[in-house]
Amino acid sequence: MRFRTRPALRRIALTGAALLAAAAAVPPAAASAAVDAGAARSPSGGGLSALVRYTENGVPHILAKDYADLGFGTGWAQAADQVCVLADGFLTVSGERSRWFGPDAAPDGSLSSAVGNLSSDLYFKGVRQTGTVEKLLATPAPAGPGKDVKELMRGWAAGYNAWLAQNKITDPACKGAAWVRPVTAVDVAARGYAVAVLGGQGRGIDGITAAQPPAAAPGAGARTGAPAPGGGLDPAAAAEAARQFFDTSRYDMGSNAVAFAGSATASGGGLLLGNPHYPWQGGRRFWQSQQTIPGELNVSGGSLLGTVVVNIGFNDKVAWSHTVATGTPVNLHQLALDPADPTAYLVDGVSEKMVPRTVSVPVKGGAPVARTQWWTRFGPVVTSLGAGLPLPWSATTAYALADPNAVNLRAFDTALAMGKARSVAGIQDAQRRTQGLPWVNTLAADAAGATLFTQSQIVPRITDELAARCSTPLGRATYPSAGLAVLDGSRGDCALGSDPDAVQPGVFGPAKAPTLRDAVYAENSNDSAWLANAEHPLTGYERVWGNTGTPRSLRTRGALEDVSAMAAKGGLTVADLQAQQFANRVPAGDLAAADAAQACAALPGGTATASDGSAVDVSAACPVLARWDRTAETASRGALLFDRFWRRLTTATTAKDLWQVPFSAADPVRTPRTLNRSAPGIGRALADTVAELRAAGIALDAPLGEHQFVVRGGQRIPVGGGTEALGVWDKVEAVWNAAAGGYTEVVHGSSHIQAVGWDGSRCPVARTLLSYSQSSNPNSPYYADQTRLFSGERWVTSRFCEKDILTSPALRVVWARERR
């Protein structure tokens, strides 16, 4: 990559400024011609090109004349920052991990939940072998992707390839690696497909690729077609396993977001704070950019790596964020097998053959591995959903996994349409037209002061009536607990049906999605839609969307307390959003720390019995808990002690034993509460925690940041925030390594954070922060710069308007171009 000298850089940048200024006054066609004229000043030699202007922290502002060129600039700039992570992901979706890294190594988990390379490859190689992605690309819109998105994908692949051809890789993760290769538009689409099925087939890959039929039972007699009750599974155990499998608090993704209406703000415009919790390593990281086609598109925000659009972001009129939703994105069909053939199943008494898909995977250092997967009209046969929910394939019964997102390649269309929206009404319309979001909610606010919460995700059309009429015994246990319907696959009248406003059969149309418009605040922290606004609960939706009247997480409870108080105060600005992001209040501490300190002080002789039976003097812990400021700031003393204690206590103690005041659906934000000081396990949790910290040489009152940190470039960077168990808005989940000093690396948590509002000027007021920084290359200047900002609770002032881009002291400009 060659950067221009400063005078030339300014000339090119001013060309871009002229283009955008012209775009405000001339038709899009004329603006495109102006971009063409600007591009001609650089010797591109024909082909695709884009102007990439970098400002502080390596954020690229990509200017192009059309969607193919915009995709080109995006692919180029993503490769410059994340080439090794991207190349690794393309190996995944091409089914080639075993070839390069061996069958037993584990993927990074960003594109599926497969535990090993072999099962990952068998699944993704099967997707490619059957042309699944190509068929979806060929499906006319709106059921398939639109022309503009296809052009973005074509351009993205060309930009990525051009960067590979014109630059040397310096990232040690793949420098000189033979597995880094050019890609095609189908590869880019396949990566989008993997993200779409991440909550469905992607979570069931091990059970799909392991599914093999039993031998046919000799002399089997005639059957009625009714499935065997429960498939031999214990319904109660299956219900709990399903609940845990679909529990969003256990995911390595989550989020908080809140939208405030103009009635609560100082300017009368809306406010939006987005705080998605995503992995800090691997292919599900966010990457920041601004994408501009004069007269057509101008949007800024975060993109999941390998995607061609801004997924979470803002323009000059509206801002939005996503949170992982509670809608169950799949269902099961329990199959009654043909007595003469365990690879055939009965529907209304008629035998129907499964479709075998034999997939061969090349393996490093060995012969290729071939295995057959079995597909039905409902989807693939699956023999488990996680380790806790086995679904055995017997001579009489099998289970098929129905995932409606397996025919959904529209997420890019939805994101693109949202980026072009001019209001929250426009956001709703974008989602209604494209219907591409697979597993997220949307919260939005606009410059006019309107707000939106909507759970417009793709979920199977499971009505409560259908579940009651068609559930098998297993389904009658799993549907109430987890929204997982297990339907009788032997009955044609148990088909999912269609909604008239749905773009594909078998899913709910957008009119059925839980939605809240223009509330003074709308908030979500990965619980269901029920309490998007605690004063105006949403009810009446089908169970598959999520539950109502059940306990909320501490993160939801703390968030609702905070944002309702903010709305009541009024006069809010972007600065208030920034303060909320880093308040680092620990709701669990507010609820329990004082009682825990008193329970500690009441222990006879100040000692407690640890799990190993030893007596531990815990008396020094009592005053630390009492004096702790109830925050998870890096300077907080007592936060680490409470965190380690609370994890142990809540893991071993049921809610009914933990709290004196039980949960009440009439008071869901304030209950349960009041720690039971006599709860079994308090003494043991204190003893184990004190023993652990002393053995590690960690003082009981050590500042949190001394023992919760990441290491970048050989330097420790302290990290504030807290875990799901603590309920902290600024969530971080870290790896505990006492020998290395405590929490030594963040696995997932706060990622692409944005606080956005409007003050009546032409430019949005936006502050952003990418917690893990823009590049994963340790040789990049953007490897840890924003991580240090995150540590110090400092923000990046977004440069959205052209005048702000051109006046950046860090401005550098690249004409990214193909060379033919």
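Higher on the page you've got the structure.
Structural notes, computed from the coordinates. (Residues numbered from 1 in each chain as written. Predicted model: local features only at pLDDT ≥ 70, side-chain atom pairs only at ≥ 80, totals over all residues. Heavy atoms only, no water.)

Here the focus is helix 16 (residues 574–581). Where burial is concerned, most of helix 16 is hidden: six out of the eight residues are buried. Inspection of helix 16 places Val 574, Asp 576, Leu 577, Gln 578, Gln 580 and Gln 581 among the buried residues, and these make up the whole buried set. Those residues of helix 16 that are buried lie in contact with strand 3 (254–260), strand 4 (271–279), helix 15 (554–569), strand 27 (742–750), strand 28 (752–757) and strand 29 (765–770). (Buried < 20%, exposed > 50% of the residue type's maximum accessible area, 1.4 Å probe, protein only. Helix = DSSP H or I, 4+ residues; strand = E, 2+ residues; numbered from the N terminus. Contact = heavy atoms within 4.5 Å.)

Scanning the entire structure with this criterion turns up four disulfides. With its sulfur 2.0 Å from that of its partner, Cys 84 forms a disulfide with Cys 174. Linking Cys 84 and Cys 174, the disulfide has an S-S dihedral of approximately -80° and is accordingly described as left-handed. Remark: Cys 174 occurs in the loop between helix 7 (147–166) and helix 8 (185–196) and Cys 84 occurs in helix 3 (residues 67–94); sequence separation between them is 90 residues. With respect to class, Cys 84 is no different from Cys 174; both count as buried. (Disulfide = S-S within 2.5 Å.)

Our next topic: empty space enclosed by the protein. Tallied over the entire structure, the rule returns nine cavities of 30 Å³ or more. Put simply, the largest cavity is a space of about 260 Å³. Around the largest cavity, the lining comprises 18 residues; the ones closest to its centre are Val 195, Leu 304, Asn 311, Ala 411 and Pro 438. Broken down by secondary-structure element, the contributors of at least two residues to the lining of the largest cavity are helix 8 and helix 11 (411–419). Counting residues per element, the lining of the largest cavity draws most heavily on helix 11, which supplies four residues. (1 Å grid on protein atoms, 1.4 Å probe; cavity = no way out; pocket = protein on both sides within 12 Å on 5 of 7 lines; lining within 4 Å. Points joined across faces, edges and corners; volume = space filled by probe spheres on them.)

Following the sequence through the fold, Ser 780 ends up in the loop between strand 29 and helix 22 (785–791). For the pair Ser 780 and Ala 80, spaced 700 residues apart in the sequence, the C-alpha separation amounts to 9.6 Å.

Looking now at the side chain of Ser 798. With respect to the secondary-structure elements, Ser 798 resides in the loop between strand 30 (796–797) and helix 23 (802–806). With sequence-adjacent residues up to four places away left out, Ser 798 is seen in contact with Ser 300, Phe 314, Ala 766 and Thr 768.

Pairing between strand 26 (residues 732–737) and strand 27: six bridges, direction antiparallel. Looking across to strand 27, one finds that Trp 736 is bridged to Tyr 743. (Pairing = 2+ DSSP bridges.)

Counting 178 residues, the largest nonpolar core has Tyr 160, Tyr 193, Phe 260, Leu 385, Ile 462 and Leu 484 as its most contacted members. Residues contacting Phe 260, with those up to four places away along its chain left out, are Thr 265, Gly 270, Leu 271, Ala 445, Thr 451, Val 520, Tyr 521, Val 563, Met 566, Ala 567, Leu 572 and Leu 577. Counting residues in hydrophobic clusters, the runner-up holds 44 residues, among them Ala 588, Leu 641, Ile 698 and Ala 734. (Core = buried A, V, L, I, M, F, W, Y, C linked by side-chain atoms within 4.5 Å.)

Strand pairing within a sheet occurs via backbone hydrogen bonds; the two strands may be parallel or antiparallel. If you trace the ten strands from one edge of the open sheet to the other, you get 18-16-15-8-7-6-5-2-1-31, paired in mixed fashion. With partners counted over all chains shown, the strands left at the sheet margins are strand 18 (515–517) and strand 31 (812–817), one partner each. With strand direction ignored, the average angle separating the axes of adjacent strands in the sheet is 20°. Relative to strand 31, strand 1 (residues 49–55) runs antiparallel, the two sharing six bridges. In the strand pairing of strand 31, Val 52 is matched with Val 814. (Axes fitted to C-alpha atoms, helices over the stretch in contact; angles between N-to-C directions.)

This part is about the pattern of salt bridges. Applying the stated criterion to the full structure yields 39 salt bridges. A salt bridge links Lys 147 to Asp 148; the shortest N-O distance between them is 3.4 Å. The shortest N-O distance in the salt bridge between Asp 247 and Arg 243 comes to 3.9 Å. Judged by its relative accessible area of 32%, Arg 243 falls in the partly exposed class. Among the charged side chains, a salt-bridge network with shared partners connects Glu 465, Arg 469, Arg 491 and Asp 493. (Salt bridge = Lys/Arg side-chain N within 4 Å of Asp/Glu carboxyl O.)

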